[in-house]
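A look at the structure
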Amino acid sequence: MDIGPVTIVAKGSALVYQVDFDLKGSHQQLWFEVDNLAQHELSNSSDTALLALLLPAMLANENIHIKGSVSERLLFSLNGAYQTILCQTIPYLQRVSISAEHSNTETSAATGVITGFSAGVDSFCTITDYFSESTPKALKITHLLYNNVGSHGPGKERLFKERYQQLKETADIWQLPFITVNSNMNDFYGRSLDFQLTHTLRNAAIPMLFQQFIGHFLYSSAYSYQDLFVGESYDMAYSDAFSMPLLASESLQCHSVGSEHTRVEKTLRISNNSDSYKVLDVCVKGDRAGNCSHCDKCLRTLLTLDLAGKLEFYKDSFDFEVYQQHKQAFINEVLISDDPLLKEIVVWAKQRGYHFAAHHYLSASMLCLKRLPAKVFLLLKNQLKKLLSSLGLYHPKQYH
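What comes next is a walk through the structure. (Residues numbered from 1 in each chain as written. Predicted model: local features only at pLDDT ≥ 70, side-chain atom pairs only at ≥ 80, totals over all residues. Heavy atoms only, no water.)

**Description of the overall build of the chain**
Operational definition: Secondary structure counts use DSSP, requiring at least four H or I residues in a row for a helix and at least two E residues in a row for a strand, with both numbered from the N terminus. Note on method: radius of gyration uses C-alpha positions; expected globular size equals 2.2 Å times residues raised to 0.38. Burial status follows relative accessibility: with a 1.4 Å probe on protein chains alone, a residue under 20% of its type maximum counts as buried, one over 50% as exposed, and anything between as partly exposed. We call two residues in contact whenever any of their non-hydrogen atoms come within 4.5 Å of each other. In these tables, accessible area is a Shrake-Rupley quantity obtained with a 1.4 Å probe, and a residue counts as shielded only by the protein chains included in the view. Counted charges follow a simple rule, with Lys and Arg positive, Asp and Glu negative, and His plus the chain ends left uncounted. The atoms used to mark charge sites are NZ of Lys, CZ of Arg, CG of Asp and CD of Glu.
Tallying secondary structure elements over the chain gives 12 helices and 11 strands in all. Relative to its length of 400 residues, the chain is compact, with a C-alpha radius of gyration of 22 Å against a globular reference of 21 Å. Along the longest, intermediate and shortest principal axes, the C-alpha atoms of the chain span 65 × 60 × 35 Å. With 400 residues in all, the chain has 53% of them scored as buried. Sequence separation of at least 24 residues holds for 71% of the intrachain contacts in the chain that already meet a minimum separation of 6. When the accessible area of the chain is evaluated, it comes to approximately 18700 Å², of which 52% is carbon and sulfur surface. Across the chain, 35 positive and 40 negative side-chain charges occur, with their mean positions spaced 7 Å apart.

**Quick word on the packing of helix α4 (residues 121-130) against helix α8 (residues 263-270)**
What counts is decided by this rule: Only the stretch in contact is used when fitting a helix axis, every axis being a line fitted to C-alpha atoms; angles between N-to-C directions are given from 0 to 180 degrees. Each angle gets one of four labels, with under 35 degrees taken as roughly parallel, over 145 as roughly antiparallel, 65 to 115 as roughly perpendicular, and the rest as oblique. In this scheme the handedness of a crossing depends on how the near helix is turned from the far one: anticlockwise by less than a right angle means left-handed, clockwise means right-handed. For this classification, the nonpolar set comprises Ala, Val, Leu, Ile, Met, Phe, Trp, Tyr, Cys and Pro, the charged set comprises Asp, Glu, Lys and Arg, and every other residue, Gly included, is treated as polar.
Taken N-terminus to C-terminus, the directions of α4 and α8 make an angle of 60°; their axes are 9 Å apart at the nearest point. Between α4 and α8, the interaxial angle falls into the category oblique. Crossing of α4 over α8 shows left-handed handedness. Within the contact between the two elements, α4 uses V121, D122, F124, C125, T128 and D129 and α8 uses R263, K266, T267, R269 and I270. A per-class count over the contact of α4 with α8 returns 4 nonpolar, 2 polar and 5 charged.

**Considerations on the side chain of N273**
Threshold: What qualifies as a polar contact is a pair of N or O atoms within 3.5 Å, subject to a donor-acceptor requirement within protein and to the restriction that residues adjacent in sequence count only when both atoms come from side chains.
Among the secondary structure elements, N273 is positioned in the loop between α8 and α9 (296-307). Polar side-chain contacts of N273 include one of 3.0 Å to the backbone nitrogen of D275. Not counting the four nearest positions on each side in its chain, N273 is found in contact with F124 and T128.

**Structural notes on helix α2 (residues 72-79)**
Filter applied, for reference: The arc refers to the directions leading from the helix axis to the C-beta atoms.
All buried positions along α2 are accounted for by L74, L75, S77 and L78. Taken around the axis of α2, the buried residues stretch over an arc of 165°, which confines them to a single face. Buried residues belonging to α2 abut α1 (47-60), β5 (64-71), α3 (81-89) and β6 (98-104). Capping of α2 at its N-terminal end is provided by S71; its side-chain oxygen lies 3.3 Å from the backbone amide nitrogen of R73.

**A few points about the nonpolar core**
Just so we agree on the cut-off: To define a nonpolar core, start from buried Ala, Val, Leu, Ile, Met, Phe, Trp, Tyr and Cys residues and group those joined through side-chain atoms within 4.5 Å.
Counting 66 residues, the largest nonpolar core has L30, L54 and F210 as the members making the most contacts within it. For this core, the element with the most residues is α1, which contributes 11 residues. The residues contacting L30, other than those within four sequence positions of it, are Y17, Q18, V19, F21, A49, A52, L53, S183, N184, M185 and F188.

**A few points about unusual backbone geometry**
Here K24, not a glycine, exhibits a phi torsion of approximately 55°, which is positive. For K24, a relative accessible area of 53% translates into the label exposed.

**Here we look at the pattern of salt bridges**
The following threshold applies: Definition used for salt bridges: Asp or Glu carboxyl oxygen within 4 Å of a side-chain nitrogen of Lys or Arg.
Scanning the model with the defined rule gives 8 salt bridges in all. As a salt-bridge pair, D122 and R263 come within 3.2 Å of each other at their nearest N and O atoms. In this pair, D122 sits in helix α4 while R263 sits in helix α8, placing the two residues 141 residues apart along the sequence. According to the relative accessible area criterion, R263 is buried, its value standing at 10%. With its nearest N and O atoms 3.0 Å apart, the salt bridge here joins D172 to K168. Placement of both D172 and K168 in helix α5 (residues 156-174) is noted, with a separation of 4 residues, approximately one turn of the helix. Residue class for D172 comes out partly exposed when judged on its relative accessible area of 45%.

**Points about helix α6 (residues 195-204)**
For α6, the buried fraction is high: 8 of the 10 residues fall into the buried class. Those residues of α6 lying buried are L197, T198, H199, T200, L201, R202, N203 and A204. Check the buried side of α6 and you find it contacts α1, α3, β8 (143-148), β10 (214-220) and α7 (240-243). A distance of 3.1 Å separates the backbone nitrogen of Q196 from a side-chain oxygen at the start of α6, and that oxygen is part of D194.

Below is the structure:
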């Protein structure tokens, strides 16, 4: 993969950062359209382009050569430790060599602190922790960020704009600049590099655009420390605490924040923040702004608030009638789930003396028995694949 020099052009009130690159013999262009920048300028380094295109290059097994300038520190980390984490998380990736015509060792005096704001539980918890009177000045949030890099599902750019308008009122209350970044990055990832698997790197590419005025990027963690690991997974977030520091340049430090809290603790923490009551948005349906009140993330949040006696605070954010229609079936799922975010609800409920009804345990047991044959079949199938692979008779499918 050859990545060309960066060009920055004006587009109305926005600035567009763009690079041409060649991948698998095809000439393409990556762009980021940045709005609400006030008087700030974008960095013309190739750091953003490198982070955005690293995974597609590793998937295609193509070495990267950058014709622009890239951070020496970032280049070192991406050629070394960071690729080790990526290959352990996504085994079908191939290590590649990264070179650049120019490496940059300059530092900036940037003091800004930026974090993504989606109004979800994790991002609201980051606001609660890092935008308060007790936050050290060096880490207190000065800017909010909202990206379109693949998280908006089938709603794409339309949903990106709808959600931003819904969030802007809250940002205005806090009097924080709210930067938006639209991009075509998602076009180069495909189904084998889906958003949940790769979201950390996609989002970490964006703050590199702002190195002239941003010195710290706070990325809201999804999991608590007790659940973190480096290894094959469906979600890159499990390794964020290890990987984020490796994505720093000489001017920008990257931090994974919030892992000191479980998801239950985060939900309870933000329930004391009245700013969250009308705008909390945890939904993964991806077809409209707001909460559907019946997807897994909505139900997980609602059940936690319900058990804590905080549900009524969020009457403007969720449809309680829809929640009640799905509540019983969801509790059955929670009781048998291996998902750490659901298991912690059961542990927390037990700690506070709450006991689910006997019929929930009975229904959960029946559901577990019903799914047992499929689980046994999948286990045997995976064991057979491992055996055949060790004998050289099976090669896992790799997507390119």
